[in-house]
Amino acid sequence: MSQLYRAEVPQYGTLLSLVAAVNAQVLREQPDVLAGPAEAARLEVERHGAIRLGTAEELHTMRRVFAVMGMQPVGYYDLSVAGVPVHSTAFRPVDPAALAANPFRVFTSLLRLDLIEDPALRQLARDTLARRRIFTPQALALTTRWETAGGLDEAEAEAFVQEVLNTFRWHRSATVTQPEYQRLSAAHRLLADVVCFPGPHINHLTPRTLDIDAAQAEMQRRGLPAKEVIEGPPRRQVPILLRQTSFKALNEPVRFAGDSGDGAHTARFGEIEQRGLALTRAGRALYDTLLQRARQAGPGALAQVFTEFPDDLDALRRAGLGFFQYRLKPGLPSTAWAGVNPDAEVHTLVDQGLVQALPITYEDFLPVSAAGIFQSNLAGDAAVRYDAQAAQAEFEQALGCPVHDEFALYEAEQAASIATLREQLRRGAAA
Ligand code: OOG
Ligand code: NI
């Protein structure tokens, strides 16, 4: 997918080399910034992509296709509150070992036609979408084979990747006429992006940077059309959640149906992300409150408002704001544990110098940031207001299963590390 996107969006190659240069610089200055060689090995792997689907059936099949690759839906994001007529989830690996092997996620949005007011336009969109087939017959057959046989052999797996790649390609030929495109685009540019093409072209791919401020400055220096703002929390000593920025979307040539002319479509872009500590529900609530306050206070208030958010790992841990993995400090003789109570509070065990707390990285997305990313790439649209409600039940019905609760996944990872630790202490104490 990376090769495909690089061929389709040449600036993306520039973005990748820029991010690699910034990361190399950070690693020269802070050689310990990555937790070991496994982290370094996957640094250059893209962290996420995004697609936008048109129908419940497309979402349902996409869920089956991602399952073949070990990716499951995590989280529900309602973007209608931000004037974007979609709701979304992120497909990703859910267990820590799978995430360590490959952390790739796909932010997947489903168009909400119920939010399009004009009934004629809604019908045009529905009919156009009903005619398209976004998966090749072979991709569907291999997905079914994986489900029934419980796996694919090497050749089938290779064929699966090649077939599924077709779903994410850009198509220069639109499925609608130019006047139809214009009507859809006038209602919402996103509507045109989802409805007018034969498939859900990959909208962006996002490498991971170790210093998003430096990467942003470098984007501007190299003349990439970078956004002015970085979405998410401000720069801090301890990065939390997710910070993102992107370059503005490209103009791509389009040929409209029925010889109705040529034009251009603007939707696809490049994005970079920097990830930090996963926050507990309490931490997230504090983040949301401060973000809200900063938005009300206006541009420039973010850093000041966030001084209320503790900014060292110990404070974050003790206040119960972040998730951590706990493990025995390596290299201690087992005599160090003599007399230790295996059931003592983890913070006490850390204080006693026996246990290390390693921050768990946030693997998900932020709805306010995502809305900002959507909007910056729908340049020129006046803000649309929807009196919508989140529609998680409908989304899950289309998907064919509930989405994972992201907090529960982090909680389970933290709890499992504590259980293992206590087990080791108990064995040590008995020895
Ligand atoms: C998805 C926007 C959200 C992110 O990184 O928050 C997103 C889209 O533009 O389709 O990718
Ligand atoms: Ni993104």
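Labelled according to an unreviewed UniProt entry, the protein chain appears under the name 2-oxoadipate dioxygenase/decarboxylase, originating from Aquincola tertiaricarbonis. Quoted straight from UniProt, the Cofactor (unreviewed entry) entry for the protein chain says "Fe(2+)". Checking UniProt for the protein chain, the heading Sequence similarities (unreviewed entry) contains the comment "Belongs to the 2-oxoadipate dioxygenase/decarboxylase family."

Student: What is the right way to read the domain arrangement of the protein chain from this model?
Tutor: Reports often express the size of an interface as the amount of accessible area lost when the parts come together. The domain architecture assigned to the protein chain consists of domain 1 (2-276 + 363-400) and domain 2 (284-358 + 416-430). Placing a centre on the C-alpha atoms of domain 1 and another on those of domain 2 gives a separation of 33 Å. Contacts between the two partners involve eleven residues from domain 1, matched on the other side by 13 residues from domain 2. Buried area between domain 1 and domain 2, both sides added, is near 1,000 Å², and the carbon and sulfur share of it is 68%. When the buried area of domain 1 at its contact with domain 2 is split by residue, Pro234, Arg236 and Val238 rank highest and sum to 44% of it. Linking domain 1 with domain 2 are one salt bridge, by the criterion used here. For aspartate 311, the salt bridge goes to arginine 236, with nearest N and O atoms at 3.2 Å. Connecting domain 1 to domain 2 are five residue pairs in polar contact (both at pLDDT 80 or more).

Student: Just to check I follow, could you spell out the packing of helix H2 (residues 10-29) against helix H11 (residues 212-221) for this structure?
Tutor: What describes two packed helices is the angle between their axes and the distance between those same axes. For the pair H2 and H11, the least separation of the axes is 10 Å and the interaxial angle reads 135 degrees. In terms of orientation, H2 and H11 fall into the oblique class. Crossing geometry of H2 relative to H11 is assigned as right-handed. Here H2 contributes Leu15, Leu18 and Val22 to the contact with H11, which in turn contributes Ala214, Ala215, Glu218 and Met219.

Student: Just to check I follow, could you spell out the sheet that holds strand S2 (residues 72-78) for this structure?
Tutor: Strands belonging to one sheet form pairs held by backbone hydrogen bonds; the direction of such a pair is parallel or antiparallel. Overall, mixed pairing links the five strands, which are arranged S2-S3-S4-S1-S5 in an open sheet. A single partner strand is all that each edge strand has here, and the edge strands are S2 and strand S5 (204-206). Looking at each pair of strands side by side, their axes are set apart by 25 degrees on average, direction ignored. The pairing of S2 with strand S3 (residues 86-92) spans five bridges and is antiparallel. Directly across from glutamine 72, in S3, lies its bridge partner arginine 92.

Student: Where do I start with the coordination of the nickel ion (ligand 2) in this structure?
Tutor: By definition of the ideal shapes, four donors in a tetrahedron about a metal sit 109.5 degrees apart, and six donors in an octahedron sit 90 or 180 degrees apart. Here the nickel ion (ligand 2) is held by His48 (NE2), His204 (NE2) and Glu271 (OE), and the distances to it run 2.1 to 2.2 Å. Written as a sequence motif, the donor arrangement for the nickel ion (ligand 2) is H-x155-H-x66-E. One end of the pair, histidine 204, is in strand S5; the other, glutamate 271, is in strand S9 (residues 270-275), with 67 residues separating them in the sequence. In this pair, the class of histidine 204 matches that of glutamate 271, namely buried.

Student: Any chance you could explain the pattern of salt bridges here in plain terms?
Tutor: A side chain of one charge can pair with a side chain of the opposite charge when the charged atoms of the two come close. One pass over the structure, following the stated rule, counts 27 salt bridges. In this structure, the salt-bridge partner of arginine 64 is glutamate 147, at a minimum N-O distance of 2.8 Å. Taken together, the residues span a long stretch of sequence, with arginine 64 in helix H4 (residues 56-68) and glutamate 147 in helix H7 (residues 137-149) at a distance of 83 residues. Residue arginine 64 is classed as buried on the basis of its relative accessible area, which comes to 18%. Owing to a relative accessible area of 37%, glutamate 147 belongs among the partly exposed residues under this scheme. Glutamate 231 serves as the salt-bridge partner of lysine 227, at 2.8 Å between the closest nitrogen and oxygen. Glutamate 231 shares its class with lysine 227; the two are buried. Because the salt bridges share partners, they merge into one network encompassing Arg105, Glu273, Arg275 and Glu363.

Student: Where do I start with the site of ligand 1 in this structure?
Tutor: Around ligand 1, the neighbouring residues are His48, Ala50, Arg52, Phe107, Asn203, His204, Gln244, Glu271, Phe365, Ala370, Ile373 and Phe374. Histidine 48 places a side-chain nitrogen or oxygen 2.9 Å from an oxygen atom of ligand 1. One of the side-chain nitrogen or oxygen atoms of histidine 204 is found 2.8 Å away from an oxygen atom of ligand 1. Coverage of ligand 1 by the protein amounts to 100% of the 320 Å² it exposes when considered alone.

Student: What's the story with the pairing of strand S8 (residues 262-266) in this structure? I'm lost.
Tutor: Side-chain positions along a regular strand alternate between the two faces of the sheet. Relative to S8, strand S7 (residues 251-255) runs antiparallel, the two sharing five bridges. Within S8, the residue paired with proline 253 across the bridge is alanine 264. Count of turn residues in the S7/S8 antiparallel hairpin: six residues, of which glycine 258 carries a positive phi of about 60 degrees.

Student: For this particular structure, what's the right way to read the environment of leucine 409?
Tutor: Of note, leucine 409 is situated in helix H18 (residues 406-430). Each C-alpha atom, one on leucine 409 and one on alanine 7, is 36 Å from the other, the two residues being 402 residues apart in sequence.

Student: I'm lost on helix H6 (residues 119-131) in this one. Help?
Tutor: Every α-helical turn comprises 3.6 residues, leaving residues that sit three or four positions apart pointing alike. The first and last C-alpha atoms of H6 sit 19 Å apart over 13 residues, in line with the 18 Å expected at 1.5 Å per residue. Within H6, burial applies to Leu121, Leu124, Ala125, Thr128 and Leu129. All buried residues of H6 lie within an arc of 120 degrees about the axis, which places them on one face of the element. Residues of H6 that are exposed and angled more than 90 degrees away from the buried face: Pro119, Ala130 and Arg131. The elements touched by buried residues of H6 are strand S4 (105-111), helix H9 (178-187) and helix H10 (189-195). Looking at where H6 begins, the residue whose side-chain oxygen comes 2.9 Å from the main-chain nitrogen of alanine 120 is aspartate 118.

Parameters at a glance
Residues numbered from 1 in each chain as written. Chains lettered and ligands numbered in written order. Predicted model: local features only at pLDDT ≥ 70, side-chain atom pairs only at ≥ 80, totals over all residues. Heavy atoms only, no water. UniProt positions renumbered as here; feature names shortened; annotations may be inferred. Domains from an automatic or database assignment. Contact = heavy atoms within 4.5 Å. Buried area = accessible area lost by both parts, 1.4 Å probe. Salt bridge = Lys/Arg side-chain N within 4 Å of Asp/Glu carboxyl O. Polar contact = N/O pair within 3.5 Å; in protein donor to acceptor, adjacent residues only side chain to side chain. Axes fitted to C-alpha atoms, helices over the stretch in contact; angles between N-to-C directions. Helix = DSSP H or I, 4+ residues; strand = E, 2+ residues; numbered from the N terminus. Parallel < 35°, antiparallel > 145°, perpendicular 65-115°, else oblique. Left-handed = near helix turned anticlockwise from the far one by under 90°. Pairing = 2+ DSSP bridges. Donors = N, O, S within 2.8 Å, 3.2 Å for Na, K, Ca; no water. Buried < 20%, exposed > 50% of the residue type's maximum accessible area, 1.4 Å probe, protein only. Near = heavy atom within 4 Å. Areas by Shrake-Rupley, 256 points an atom, 1.4 Å probe, with all protein chains shown as cover. Expected span 1.5 Å × (residues − 1). Arc of directions from axis to C-beta.

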